[in-house]
Amino acid sequence: MAKILCVLYPDPVTGYPPKYVRDQIPLITHYPNGQLAPTPVGPLGFKPGELVGCVSGELGLRGYLEQNGHQLVVTSDKDGADSTFDKHLVDADIVISQPFWPAYLTAERIARAKKLKLALTAGIGSDHVDLKAAAAHNITVAEETFSNSISVAEHVVMMVLALVRNYLPAHQLAVNGGWNIADCVSRSYDLEGMHFGTLGAGRIGLAVLRRLKPFDVKLHYYQRHRLSPEVEQELGLTYHDAPEDLVRVCDIVNLQMPLYPSTEGFFNENMLKQARRGMYLINTARGALCDRDAIVNALQSGHLAGYAGDVWYPQPAPVDHPWRSMPYNGMTPHMSGSSLAGQARYAAGTLEILQCFLEGKPIRPEYLIVDGGNLAGTGARSYALS
Ligand code: NDP
């Protein structure tokens, strides 16, 4: 029997279950690269489209786990030495956590988790786990690669349009009973003809480039390995071999690389100095990729025209986090990858990985981040231990 400790974000403040505004979600069987969507065996434990990402939703896992004799503990109480998470961590075999409400698995916590064998991310991005410590303790780290990549890509496109066209302040003006068109349009531009660049053109970054192509923008990217000539040609991409070169020429920059030790603080004061005055910056990757105060200063001085994203450090962000109140921000809590459609896929993927792990079957390599004491599968391509 295994003990599974699952940390999920709290239920809606109005109670669970919520009323749904739609009765179904589209069925996605394959992702854009041909990868098969999750294939758990047997019933899902929830109806796709239901809110399963919060505590009462339990990712729909209880039925499968209890029928097979395992123990499931679900909590949102994750921070502080006397948290429910810390109490149960000491004898947990498996920890499930989400990037949206991360239970930070630090080296110190890993050292105390003597039985831990699997750290499973319900979603994508396992930077809340100290991957080096996990590898050293022979803990497998896995996530549901591609499950919510398109959810995030759509969110990025929304934020690009919202910032450039000054949607959020104009909407607020209408809600407040105003009608001053000049106030709405004095910061409103067209996207057409602008230069858009992504730092990281993996699953999400590339999906954003594809979605923006029909807006007739000039597309740029930087990452360490070039995309294929066919993809570069199809999208008319300009490749830059240094991020500074990209930010010098782009009107809008999207951050879409993973967080690992050497990308922390990637977008700092020096990078901002290279940026064009009036650049918009989007970040749905990880908050700690940016220097928090450098972003605030650049918005206050007018060097940045806007900043939007849904990722912060730490999470949940404290009430007085300056990104909540800085000018021209389009911030939300971490939500882009947890749409009801995204949840259905990462919950199904979580079940698939649990079934494989508990029943001694191999986990798909595309889900693996750390295995056998080292980076593995997707982790070996996307992450670094230093
Ligand atoms: P991928 O691994 O597919 O893509 C990441 C890309 O970043 C790769 O193509 C990689 O290319 C590039 N990259 C890695 N290191 C660097 C570097 N040092 N400099 C420049 N580029 C780099 O990941 P996804 O697109 O699936 O996801 C990206 C990130 O988005 C995740 O790691 C996660 O943090 C975040 N995310 C956020 C979600 C949300 O809800 N907001 C949900 C899902 C993901 P190369 O190796 O060639 O450099």
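Residues numbered from 1 in each chain as written. Predicted model: local features only at pLDDT ≥ 70, side-chain atom pairs only at ≥ 80, totals over all residues. Heavy atoms only, no water.

Draft legend 1. Focus on the sheet that holds strand β10 (residues 279–283). As summarised here, the arrangement of the seven strands in space is β8-β7-β6-β9-β10-β11-β12, forming an open sheet in which the pairing is parallel. The sheet is open, and its two borders are formed by β8 (238–239) and β12 (329–331), each paired with just one other strand. When strand β9 (residues 252–255) meets β10, the two strands line up parallel, connected through four bridges. When the bridges of β10 are listed, Asn254 appears paired with Ile282. Relative to the sheet, helix α5 (residues 149–164) contacts β6 (195–199), β9, β10, β11 (304–309) and β12, its axis offset from that of β10 by approximately 150°. This element, helix α8 (residues 203–212), spans β6, β7 (218–222) and β9 of the sheet and lies at about 165° to β6. (Pairing = 2+ DSSP bridges. Helix = DSSP H or I, 4+ residues; strand = E, 2+ residues; numbered from the N terminus. Contact = heavy atoms within 4.5 Å. Axes fitted to C-alpha atoms, helices over the stretch in contact; angles between N-to-C directions.)

Draft legend 2. How the structure looks around the environment of Gly69. Structurally, Gly69 can be placed in the loop between α1 (62–67) and β2 (71–75). Judged by relative accessible area, which is 36%, Gly69 ranks as partly exposed. In this structure the C-alpha to C-alpha distance between Gly69 and Pro43, which are 26 residues apart in sequence, comes to 17 Å. (Buried < 20%, exposed > 50% of the residue type's maximum accessible area, 1.4 Å probe, protein only.)

Draft legend 3. Layout of the pattern of salt bridges. One pass over the full model with this rule turns up 18 salt bridges. Asp86 serves as the salt-bridge partner of Arg109, at 2.8 Å between the closest nitrogen and oxygen. Taken together, the residues span a long stretch of sequence, with Arg109 in helix α3 (residues 107–112) and Asp86 in helix α2 (residues 84–89) at a distance of 23 residues. Judged by its relative accessible area of 8%, Arg109 falls in the buried class. On the accessibility criterion, Asp86 (7% relative accessible area) is buried. The partner of Arg210 in a salt bridge is Glu234, with the nearest N and O atoms 2.4 Å apart. Of the two residues, Arg210 is situated in helix α8 and Glu234 in helix α9 (residues 229–235); the sequence distance between them amounts to 24 residues. Given the relative accessible area of 45%, Glu234 is considered partly exposed. (Salt bridge = Lys/Arg side-chain N within 4 Å of Asp/Glu carboxyl O.)

Draft legend 4. Looking closely at the packing of aromatic side chains. This structure, assessed with the given rule, holds seven aromatic pairs. Both rings, one in Phe100 and one in Tyr346, keep their centres 5.8 Å apart while their planes meet at 25°; by these two values the pair is stacked. With Phe100 in the loop between β3 (94–97) and α3 and Tyr346 in helix α13 (residues 340–358), this residue pair connects regions lying 246 residues apart in the sequence. According to the relative accessible area criterion, Phe100 is buried, its value standing at 7%. Ring plane angle 55° and centroid distance 5.0 Å describe the contact between Tyr221 and Tyr239, whose orientation is recorded as tilted. One end of the pair, Tyr221, is in strand β7; the other, Tyr239, is in strand β8, with 18 residues separating them in the sequence. Site record: aromatic cluster; members linked through ring pairs are Tyr9, Phe100 and Tyr346. Above the ring of Trp101, the side-chain terminus of Lys78 is found at 5.5 Å from the ring centroid. Stacked on the ring of Trp312, the Lys or Arg Arg324 has its end atom at 5.5 Å from the ring centre. (Phe/Tyr/Trp six-rings, centres within 6.5 Å; stacked < 30°, edge-to-face > 60°. Lys NZ or Arg CZ within 6 Å of the ring centre and 35° of its normal.)

Draft legend 5. Structural view of the sheet that holds strand β4 (residues 118–121). Taken together, the seven strands give an open sheet; going across it, the order is β2-β1-β3-β4-β5-β13-β14, and neighbouring strands pair in mixed fashion. Each end of this open sheet is capped by a strand with a single partner; those strands are β2 and β14 (374–375). Strand direction decides the pairing type here: β4 and strand β5 (residues 140–143), joined by four bridges, are parallel. Pairing of Thr121 across the sheet is with Glu143, part of β5.

Draft legend 6. Fine view of the pairing of β4. Burial along β4 is two-sided: Leu118 and Leu120 facing one way and Ala119 and Thr121 facing the other are all buried. The sheet contact formed by β3 and β4 spans four bridges and is parallel. Across the sheet, Ile94 pairs through a bridge with Leu118, a residue of β4. Regarding topology, α3 serves as the crossover connection from β3 to the parallel β4, and that connection is right-handed. (Right-handed = clockwise from strand over helix to strand, strands pointing away.)

Draft legend 7. Structural context of the site of the ligand. Surveying the vicinity of the ligand reveals 27 residues, the closest of which are Gln223, Arg224, His225, Tyr260 and Ser382. Taking His225, its side chain carries an N or O atom lying 2.7 Å from an oxygen atom of the ligand. Note that a nitrogen atom of the ligand is positioned 2.9 Å from one of the backbone N or O atoms of Thr284. Classifying every residue of the shell around the ligand by side-chain character gives eleven nonpolar, twelve polar and four charged. (Near = heavy atom within 4 Å. Polar contact = N/O pair within 3.5 Å; in protein donor to acceptor, adjacent residues only side chain to side chain. Nonpolar A, V, L, I, M, F, W, Y, C, P; charged D, E, K, R; others polar.)

Draft legend 8. Just the nonpolar core, in detail. Leu59, Ile96 and Leu105 are the most contacted members of the largest nonpolar core, which has 59 residues in total. In this structure Leu59 touches Cys6, Leu8, Phe46, Val52, Gly53, Ile96, Ala122, Tyr346, Ala347 and Thr350, once residues within four positions along its chain are discounted. Tyr31, Val152, Ala153 and Leu163 belong to the second largest nonpolar core, which has 35 residues in total. (Core = buried A, V, L, I, M, F, W, Y, C linked by side-chain atoms within 4.5 Å.)

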